[in-house]
Amino acid sequence: MDQTTKGYAPINFADKLSKFSDQWRPRVIAELNDYQFKIVRIEGDFIWHDHPTTDEAFIVLDGVLRIDFPDGSVSIGPGEMYIVPKGVKHKPYAASEVKMLLIEPRGTLNTGDEGGERTAQNDIWI
């Protein structure tokens, strides 16, 4: 008997991404201990922010993400990842839509302590 007949099934990123179209609103797709795996669609400029107590992992599934820092930037393409260390001010940017996976502790706000209209509600599962 294979795993799917027992009720086990993989999480398919493309399937989950097809269930929503709004941008800058991460959706939780899984948890591992106290960490959440979130998928998100983004386009345009975000706000400068940091996460004082946690690192943040960006894994690009589709598109090209640029993360700006006060002293430079990094571009991440499909199949690539970058980890922003805790306390490092950064600003994601996407010239066209990027689909990505974020890995961060449960309860981490997407805008850090900056707040504002771009702050997404946490723990929205899809």
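Residues numbered from 1 in each chain as written. Predicted model: local features only at pLDDT ≥ 70, side-chain atom pairs only at ≥ 80, totals over all residues. Heavy atoms only, no water.

**Student:** Even after reading the chapter, I still don't get the overall build of the protein, so can you show me in this structure?
**Tutor:** Counting its secondary structure elements, the protein contains 1 helix and 7 strands. Radius of gyration (C-alpha) of the protein: 15 Å, near the 14 Å computed for a compact globule of 126 residues. Taken along the three principal axes of its C-alpha coordinates, the protein extends 55 × 30 × 25 Å. Here the protein holds 126 residues, and 38% of them are scored as buried. Accessible area for the protein stands at about 7000 Å²; split by element, carbon and sulfur atoms hold 50% of it. (Helix = DSSP H or I, 4+ residues; strand = E, 2+ residues; numbered from the N terminus. Rg over C-alpha atoms; globule rule 2.2 N^0.38 Å. Buried < 20%, exposed > 50% of the residue type's maximum accessible area, 1.4 Å probe, protein only. Areas by Shrake-Rupley, 256 points an atom, 1.4 Å probe, with all protein chains shown as cover.)

**Student:** Before we go on, may I ask you to explain the pattern of salt bridges in this structure?
**Tutor:** Side chains that carry opposite charge are capable of pairing whenever their charged atoms lie near each other. Inspection of the entire model under this criterion finds 11 salt bridges. Linking Lys-91 and Asp-45 is a salt bridge whose minimum nitrogen-to-oxygen distance equals 2.8 Å. Residue Lys-91 is located in strand 7 (residues 91-105), and its partner Asp-45 is located in strand 2 (residues 35-45); the two are separated by 46 residues in the primary sequence. Using a relative accessible area of 10% as the deciding quantity, one classes Lys-91 as buried. A residue is classified by how much of its surface remains accessible, and Asp-45, at 38% relative accessible area, is partly exposed. Salt-bridge contacts for Asp-62 lead to Lys-99; the nearest nitrogen and oxygen are separated by 4.0 Å. In this pair, Asp-62 sits in strand 3 (residues 56-62) while Lys-99 sits in strand 7, placing the two residues 37 residues apart along the sequence. Overall, the relative accessible area of 21% leaves Lys-99 in the partly exposed class. (Salt bridge = Lys/Arg side-chain N within 4 Å of Asp/Glu carboxyl O.)

**Student:** Help me understand unusual backbone geometry in this model?
**Tutor:** Trans is the common state for peptide bonds, and a negative phi is the common state for residues other than glycine. Unusually for a residue other than glycine, Trp-24 sits at a positive phi of about 65°. Mapped onto the fold, Trp-24 is located in the loop between helix 1 (13-17) and strand 1 (27-32). Judged by its relative accessible area of 8%, Trp-24 is buried. In this structure, Asp-123 is a non-glycine residue whose phi angle is positive, near 60°.

**Student:** Help me understand the UniProt feature "domain: Cupin type-2" (unreviewed entry) in the protein, please; the structure alone is not making it clear to me.
**Tutor:** The residues that UniProt annotates with the feature "domain: Cupin type-2" (unreviewed entry) are residues 45-103. Across residues 45-103 one finds 0% helix and 59% strand; the C-alpha atoms that close the span lie 20 Å apart. (UniProt positions renumbered as here; feature names shortened; annotations may be inferred.)

**Student:** Help me out: how do you make sense of the environment of Leu-61 in this one?
**Tutor:** The residue Leu-61 is located in strand 3 in this model. Since its relative accessible area comes to 27%, Leu-61 is described here as partly exposed. Sequence-wise, Leu-61 and Gly-77 are 16 residues apart; in three dimensions their C-alpha atoms are separated by 7.8 Å. When neighbours within four sequence positions are excluded, Leu-61 is seen to be in contact with Phe-13, Leu-17, Pro-78, Lys-99, Met-100 and Leu-101. (Contact = heavy atoms within 4.5 Å.)

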